[in-house]
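Overview (structure and organization)
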Amino acid sequence: QVQLVESGGGLVQAGGSLRLSCSASPRTFSNYAIGWFRRAPGKEREFVGAISWSGDSTYYVDPVKGRFTISRDNAKNTVYLQMNSLKPEDTAVYYCGRNYRGPAYYRDSRGYDYWGQGTQVTVSS
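Structure report, in brief. (Residues numbered from 1 in each chain as written. Predicted model: local features only at pLDDT ≥ 70, side-chain atom pairs only at ≥ 80, totals over all residues. Heavy atoms only, no water.)

The subject of this paragraph is the packing of aromatic side chains. A full pass over the atoms with the stated rule returns five aromatic pairs. Here the aromatic rings of Phe37 and Tyr112 are separated by 5.0 Å at their centres, their planes lie at 85°, and the arrangement is edge-to-face. With Phe37 in strand β4 (residues 33-39) and Tyr112 in strand β10 (residues 112-115), this residue pair connects regions lying 75 residues apart in the sequence. The exposure classification of Phe37 matches that of Tyr112, with both residues buried. Judged by centre distance (5.2 Å) and plane angle (35°), the rings of Tyr112 and Trp115 are tilted. The buried category is assigned to Tyr112, whose relative accessible area is 6%. Here the aromatic residues Phe37, Phe47, Tyr112 and Trp115 are joined through ring pairs into a cluster of three or more. In this structure, Arg45 is placed above the aromatic ring of Tyr95, and the distance from its NZ or CZ to the ring centre is 5.8 Å. (Phe/Tyr/Trp six-rings, centres within 6.5 Å; stacked < 30°, edge-to-face > 60°. Helix = DSSP H or I, 4+ residues; strand = E, 2+ residues; numbered from the N terminus. Buried < 20%, exposed > 50% of the residue type's maximum accessible area, 1.4 Å probe, protein only. Lys NZ or Arg CZ within 6 Å of the ring centre and 35° of its normal.)

That's the geometry; what it means functionally is another story.
Laid out in structure tokens, this is it:
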């Protein structure tokens with residue numbers, strides 16, 4: 001059974017930071033890029049960023065560039081989403097997913113075959 005588990009969400013004031021983690025079993029994790037998406041209240045799920053399986057390449061949506069950083073520790077089978085300078089508009093449920101279709105589908109949820117359960121991030125103004 002493939003499982004991705006997110007953790008690290010919470011309530012933070014605007015300007016603050018949070019670090020989300022996405023953990024999985026070695027079979028789930030190895031050799032796959034991992035993406036982060038989020039779903040704000042009343043909105044569709046949107047791409048936040050992704051990291052290649054080696055960790056050498058990262059991709060971000062424009063609104064989070066310079067504020068969010070994705071990294072991975074393959075020895076721990078974990079991907080991290082470091083979020084700094086958080087804004088109220090970052091409030092959402094954040095999901096990690098396993099990308100199985102390659103870089104052309106990093107931004108497209110159809111390129112992901114497994115997802116975590118999500119973790120809530122709330123940024124107060």
